[in-house]
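Geometric and topological summary
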Amino acid sequence: MKYKLETQARPGQKRSLRESSKKFLPLFATEKGPFIGAVVAIVFSSLATLVAPVLIIRIINTDIRLKNTHGLWVWSLVVLATYVAGAAASYAQVITMGGVGRRVLFHLRNALFLKLQDLPVAFFNENKAGDLISRLNNDTDKLNQFVSQALMQFAGSVFLITGAAIFLVSLSVKLGLAALAPALGVLLFTRATSAWIKGKNMASLQALGGMSSEVQESLNNFKVIVAFNRVDYFRWKFNFANQRNFSSSASAGLVNSIFMPLYGLAHQMAQLIVIAYGIYLIQGGQATLGLLIGFLFYVNNLYGPMRQLATVWSSFQLAMAGLDRISEVLALESNMPVIAASAPESDSVLSFRQVWFQYPGGKEVLRDVSFEMEKGKAYALVGPTGGGKTTTANLMARLYDPTEGSVLLNGRDIRSYTPAERTEKIGFILQDPFLFSGTVRDNIVYGNEPYKDYSSQQMAEVLEEANLSILISRFSEGLDTVVTTSGNSISLGQKQLIAFMRAALKRPELLILDEATANIDTVTEELLQEILLKLPATTTRVVIAHRLNTIDNVDQIFFVNSGAITLAGSMEHAVDMLLHEKRAS
């Protein structure tokens, strides 16, 4: 399955307003009540705005013309009450949609984050973290701004424009059509440029995501950048991404600003047309002064919202571009489903059956590999760098599925285990372990659910029983030692000790150690070897190492290279194979 997300806007990609709205409306599936309430409020507010000019026409043509002071005061108060009621409804709508926007943002970010957790490792290998963070934060925020601030203004403007157009034509067909002529031209222009403007906004968001990726990459590798004095290279990469972001955002800002002056010009033209044509009709006895003044109110009610719509329209285009980027992630499905369990086919703890594997777009790493691993034994995978050792370990832990063939765990297809079942049975210690901000205790109990509510005293007893308590003494504050994902609160070797304790505490059936002692001193490494020997007799250990002294106590050695995995036999034979491979390369 293709997991590479779009990071460039696709030219010619178009979607009508109706299609965009259909994609947008499902966001409110859980907010039907408040959303309907907000719609009712904005309709009431718009009706108040539309009714008031009719009352004003009545006041001018009747009470002022007949000098009816009492009627003037009464109807003026009615107009005032109408405007106040409309303002109250508008306020209620703003409060309601603010809450709706926050809840929509909350649920959308949750859905996006949960989807990211459900996707396989292949997805994260094909996409940069900075771009994913941009989608999770920036793109969802664009949606929130539109929903909470602009959506009802958008709906209200459309309703008000439609209502004003109806009232204009109803009061005077000739004068109404004359007033609507500039609006028709602007609306046709808006429709014609909609897809183009959305494309510009999409390009702007993609460029922002690209810049976030460069920032994230340079910060994560800052020590390496300084050590190799390659600040100039990352500065060049950031400048390129920043320039692209600047050009894209400037282009988007330019096209988004077209409508405001255009709608303003249309408004002024409509006023001139109404005044000139209205005076002509008054002189011919076909209109009254009250009608002309009322028409000017309705022209303002028509073109004022259109100018607001110019601002809201750009927000809508940004929101839709953001929704497209978010939907692209939400539409992905994991290509690693859980299948139905079948009867065990083997007594081995792990079996590879004619396994082939290649990374997306890459060459084959493993070809027709078959082997068995028995319970309670220790195995080593050795071979040159790039030979496929870590890939084999990834297949053992089902971080990937084979391209062809099958991997069996306890005789069952490994795909038939749920993630929770699989991680209970398999422990994995990496060369560069990932830890969370917190304490040593927080990181040890991560993935060890039975111990999450244990007190520090109880955890100390558990570690003592597992022969791990001696490792805690390597930390200044014991279990309460602070761990940070950034900075140097603990050494890389200490991080590996935490990862080791976390995996060993599970007492897994299969424990995979991928260069797990690479950053640990010799004394500590010997200590870890002793702890490994004290694991349950049923635990199968798989050790991946370049330092051959770390595999002295294994039962079998597999040589991994050039897509093949062969049984190396003794330590001496494994050394000979490595030396032969080095000479050949």
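A brief structural summary. (Residues numbered from 1 in each chain as written. Predicted model: local features only at pLDDT ≥ 70, side-chain atom pairs only at ≥ 80, totals over all residues. Heavy atoms only, no water.)

**Description of the overall build of the protein**
Counting secondary structure elements, the protein contains 18 helices and 12 strands. Expressed as a percentage of the 585 residues in the protein, the buried residues total 46%. In the protein, 77% of the contacts between residues at least 6 apart in sequence involve partners at least 24 apart. Surface summary for the protein: the accessible area is close to 29,300 Å², and the carbon and sulfur share equals 60%. (Helix = DSSP H or I, 4+ residues; strand = E, 2+ residues; numbered from the N terminus. Buried < 20%, exposed > 50% of the residue type's maximum accessible area, 1.4 Å probe, protein only. Contact = heavy atoms within 4.5 Å. Areas by Shrake-Rupley, 256 points an atom, 1.4 Å probe, with all protein chains shown as cover.)

**Focus: the pairing of strand β12 (residues 564-567)**
Both strand β11 (residues 556-561) and β12 contribute to a ladder of four bridges, which runs antiparallel. Counterpart to Phe-558 in the pairing with β12 is Leu-567. Connecting β11 to the next strand, β12, in antiparallel fashion are two residues, including Ser-562 with a positive phi near 55°. (Pairing = 2+ DSSP bridges.)

**Quick look at the packing of aromatic side chains**
In the structure shown here, the tally under the stated rule is 11 aromatic pairs. Judged by centre distance (4.8 Å) and plane angle (85°), the rings of Phe-357 and Tyr-359 are edge-to-face. Measuring from centroid to centroid gives 6.0 Å for Tyr-379 and Phe-558, while their planes differ by 25°, and the two rings are stacked. Residue Tyr-379 is found in strand β3 (residues 378-382), and its partner Phe-558 is found in strand β11; the two are separated by 179 residues along the sequence. (Phe/Tyr/Trp six-rings, centres within 6.5 Å; stacked < 30°, edge-to-face > 60°.)

**Quick word on the environment of Gly-387**
Structurally, the position occupied by Gly-387 is in the loop between β3 and α11 (389-396). Between the C-alpha atoms of Gly-387 and Val-560, which are 173 residues apart in sequence, the distance is 5.8 Å. What Gly-387 contacts, discounting residues up to four positions off in sequence, is Val-365, Val-560, Asn-561, Ser-562 and Gly-563.

**A few points about helix α5 (residues 129-171)**
Taking 1.5 Å of rise per residue, 43 residues should cover 63 Å, and α5 covers 59 Å from first to last C-alpha, within 8% of that figure. In the structure, α5 departs most strongly from a straight axis at Ala-150, where the bend amounts to approximately 55°. (Expected span 1.5 Å × (residues − 1). Bend = angle between axes of the 7 residues up to and from the residue.)

**Here's the deal with the sheet that holds strand β2 (residues 364-373)**
Overall, antiparallel pairing links the four strands, which are arranged β2-β1-β4-β5 in an open sheet. Sheet topology places β2 and β5 (412-413) at the edges, where each strand pairs with a single neighbour. Sitting on the sheet, α11 touches β1 (350-358), β2 and β4 (404-409), and the angle it makes with β1 is about 120°. (Axes fitted to C-alpha atoms, helices over the stretch in contact; angles between N-to-C directions.)

**Some thoughts on the sheet that holds β3**
Taken in spatial order, the six strands of this open sheet run β6-β9-β10-β3-β11-β12, and their pairing is mixed. Two strands lie at the open edges of the sheet, namely β6 (426-429) and β12, each paired on one side alone. Averaged over all pairs of adjacent strands, the angle between their axes in this sheet comes to 20°, without regard to strand direction. In terms of strand pairing, β3 meets β11 through four bridges, oriented parallel. Residue Val-382 lies in a different strand from β11, and its bridge partner there is Phe-559.

**Some thoughts on unusual backbone geometry**
Of note, Arg-398 is a non-glycine position whose phi angle comes to about 55°, a positive value. Considering the arrangement of structural elements, one finds Arg-398 in the loop between α11 and β4. Phi at Asn-467 is positive, roughly 60°, even though this residue is not glycine. For Asn-467, a relative accessible area of 30% corresponds to the partly exposed category.

**Section: the pattern of salt bridges**
Within the structure shown, the criterion is met by 14 salt bridges. Residue Glu-333 pairs with Lys-115 through a salt bridge whose shortest N-O separation is 3.7 Å. In this pair, Glu-333 sits in the loop between α10 (289-330) and β1 while Lys-115 sits in helix α3 (residues 69-118), placing the two residues 218 residues apart along the sequence. Of the residues examined, Glu-333 reaches a relative accessible area of 47% and is grouped as partly exposed. A relative accessible area of 13% means that Lys-115 is categorised as buried. In this structure, Arg-325 engages Asp-139 in a salt bridge whose closest nitrogen and oxygen atoms are separated by 2.5 Å. Of this pair, Arg-325 sits in helix α10 while Asp-139 is found in helix α5, placing the two residues 186 residues apart along the sequence. Here Arg-325 matches Asp-139 in class, with each residue buried. (Salt bridge = Lys/Arg side-chain N within 4 Å of Asp/Glu carboxyl O.)

Note that all results are geometric; they support no functional claim without further evidence.
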